[in-house]
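Okay, here's what each chain looks like letter by letter:
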Amino acid sequence: MAAKWLKDAVFYEIYPQSFRDTNGDGIGDFNGIIEKLDYIKDLGCNALWINPCFDSPFKDAGYDVRDYKKAAARYGTNEDLYRLFEEAHKKGIHVLLDLVPGHTSEEHEWFRQSQKAVKNEYTDRYIWTSFCFEGAEGYPYVGGESERSATYLLNFFKCQPALNYGFHKVTKPWQLPENHPEALATREAMKDVMRFWLSHGCDGFRVDMAASLVKNDDEKKSGTSAVWRDIRRMLELEYPDAAMVSEWSNPPLALRAGYDMDFYLNERGNGYSTLIRDYQNHDGEDHSYFKKDAGGNINRFLDQYLTWYEDTKDKGYISLLSCNHDTLRPRYNLDEEELKLAYAFIYTLPGVPFLYYGDEIGMKYLDIPTKEGGYFRTGSRTPMQWSKSANLGFSTGNSEDLYLPVDPSEDAPTVEAQEADPSSLLNTVKAILKLRHDHEDLQADAPFAVICSEPGRPLVYRRGNLILAVNPDGNAKEVKTDLGKAENIFTLGTAEYKEGTLSLGAQSFAVFNV
Ligand code: GLC
Ligand code: CA
């Protein structure tokens, strides 16, 4: 049921403030994204996810939307954004916007109206208790800021009041049931926002905190899932090619709720975290699978991944990613050689993968002060490093005016330098993505099966008629396995198959046609 164009989609996530500034004000803009579409295409990405680019006071980098239908002036006008859709489409690139359905900014006009003592159309658009001193049953809330004698629920930061989609289990008089007309009105308002952007050429949405809509929901998120299934029915009728990816990190639930894809996010202790960011799972120790000689065990990932994969393979896609704007960059603990193998793995798995801007050149995580509610996340949000020129080619403005500082180090990686080096991380990513586009067996739908995942041995897996093998270890490794007349079609490092023995050099990756 997933949109057809996702079969061979590889997404590129753009944090618009930091991608490319074309008017010298130090902040990235829509024209900057348009200027770099050829770069993105050439990299092998044919779809974009742009972080929130709507009018906002930017207390949470734009995840506090003040006007859902208006582009943030600092990035350009609505017309510039429509032109971005158009130019992207000309190059065969689809564009997803970031939909934030769970909350708005406290400066949104709906909330201004909702705060009033006199009842109006927006009184129940947000969740209010019945009295100025009443707590919100375990949900975070704010009191004392409104004319109305009530406290309101928050969805995230203090600046983000929760929109009202009702309660699955109602336990207090101020909680509306999920099918209450006012709860349904919020849902309709969100459909209206979606229709607005889809009618102007956007191809779908990445959905922020997708599981957060209906409160007091059950473990299976039945209430919130019903909302999404209803929204999916609208899309099927009106925009059947639209694609939706959820920030949920529970593909079995999200895909049943009607999503095309769900992110497998980095969460402490989960399978994905053990591939790249295992240092977060321990005090100081790092057994990340792709860290050379760290003794990582791939089964910590596979156990969770395979369960989800088997459960969802006919329903939609799991989306793996290099990183996102909330996560420490993979270069934080992996060097370029380690990253090559991590990307080779992530981008040859089923589903629809995402690449976070700058990870293709191994941009570093910078230790810098917080900006716009970023806190530790700020270090993963610094300007894209295009070249060795001023501001690393991000902006022609003054360096003091930049949204965030560029990487000041001598060896800051740049697109320009890596384009000139055939063995660079950038050129390796290009080669891997090209391989994926050239072989249907490496794309979203082709089956996946594990052949060898024994700790201390290379990981060997099958995608359709291809056999892939990866050895993140600093020593050469062997696996006894019968691959018939295997023909090697792609290698990083060294690899050979001969008479039942697959030999992989230190830190290598290989693909065989069988
Ligand atoms: C999501 C976003 C994050 C934001 C939060 C609140 O997790 O990815 O950046 O701060 O939701 O909207
Ligand atoms: Ca600008």
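Rules of the game
Residues numbered from 1 in each chain as written. Chains lettered and ligands numbered in written order. Predicted model: local features only at pLDDT ≥ 70, side-chain atom pairs only at ≥ 80, totals over all residues. Heavy atoms only, no water. Helix = DSSP H or I, 4+ residues; strand = E, 2+ residues; numbered from the N terminus. Rg over C-alpha atoms; globule rule 2.2 N^0.38 Å. Buried < 20%, exposed > 50% of the residue type's maximum accessible area, 1.4 Å probe, protein only. Contact = heavy atoms within 4.5 Å. Areas by Shrake-Rupley, 256 points an atom, 1.4 Å probe, with all protein chains shown as cover. Pairing = 2+ DSSP bridges. Axes fitted to C-alpha atoms, helices over the stretch in contact; angles between N-to-C directions. Domains from an automatic or database assignment. Polar contact = N/O pair within 3.5 Å; in protein donor to acceptor, adjacent residues only side chain to side chain. Donors = N, O, S within 2.8 Å, 3.2 Å for Na, K, Ca; no water. Phe/Tyr/Trp six-rings, centres within 6.5 Å; stacked < 30°, edge-to-face > 60°. Lys NZ or Arg CZ within 6 Å of the ring centre and 35° of its normal.

A. Up close: the overall build of the chain. Within the chain, the secondary structure is distributed over 12 helices and 20 strands. Since a compact globule built from 514 residues should have a radius of gyration of about 24 Å, the 24 Å found for the chain is in line with a globular shape. Counting the 514 residues in the chain, one finds 62% classified as buried. Excluding contacts between residues fewer than 6 apart, the proportion of contacts in the chain whose partners are at least 24 apart in sequence is 65%. Surface summary for the chain: the accessible area is close to 19300 Å², and the carbon and sulfur share equals 49%.

B. Summary view of the sheet that holds strand S13 (residues 448-452). Taking strand neighbours across the sheet as the criterion, the 5 strands line up as S13-S14-S15-S20-S17 in an open arrangement whose pairing is antiparallel. Since the sheet does not close on itself, it has two edges, and those belong to S13 and strand S17 (487-492), each with one partner. With strand direction ignored, the average angle separating the axes of adjacent strands in the sheet is 20 degrees. When S17 meets strand S20 (residues 508-513), the two strands line up antiparallel, connected through 5 bridges. Within the sheet, the bridge partner assigned to Phe490 lies in S20 and is Val511. Across the sheet, helix H9 (residues 299-312) touches S13 and strand S14 (459-463), and the angle it forms with S13 is around 150 degrees.

C. Representation of the domain arrangement of the chain. We note that the domain assignment places domain 1 (4-101 + 183-440), domain 2 (103-164) and domain 3 (447-513) within the chain. Computed over C-alpha atoms only, the centres of domain 2 and domain 3 are separated by 57 Å.

D. The environment of Asp359, seen in detail. Relative to the helices and strands, Asp359 is located in the loop between strand S12 (354-356) and helix H11 (415-419). It is 9.6 Å that separates the C-alpha atoms of Asp359 and Met384, two residues lying 25 residues apart in sequence. Among residues more than four places away in sequence, those in contact with Asp359 are Ser322, Cys323, Arg329, Pro330, Tyr343 and Leu425. Side-chain polar atoms of Asp359 contact the side chain of Ser322, separated by 2.6 Å.

E. Representation of the coordination of the calcium ion (ligand 2). Protein coordination at the calcium ion (ligand 2) comes from Asp21 (OD), Asn23 (OD1), Asp25 (OD), Ile27 (O) and Asp29 (OD), with a distance range of 2.3 to 2.4 Å. Read in sequence order, the donor residues for the calcium ion (ligand 2) give the motif D-x1-N-x1-D-x1-I-x1-D. Accessibility classification places Asp21 together with Ile27 in one group, the buried group.

F. The packing of aromatic side chains, seen in detail. The full count for this structure, using the stated rule, is 45 aromatic pairs. Centroid distance Tyr309 to Phe448: 5.9 Å. Interplanar angle 85 degrees. Geometry classified as edge-to-face. Taken together, the positions of Tyr309 in helix H9 and Phe448 in strand S13 put the pair 139 residues apart, joining distant regions of the chain. For Tyr309, a relative accessible area of 7% gives the class buried. Above the face of the Trp110 ring, Arg125 is positioned so that its terminal group lies 4.7 Å from the ring centre. Directly above the aromatic system of Tyr357 lies the positively charged group of Arg329, at a separation of 4.8 Å from the ring centroid.

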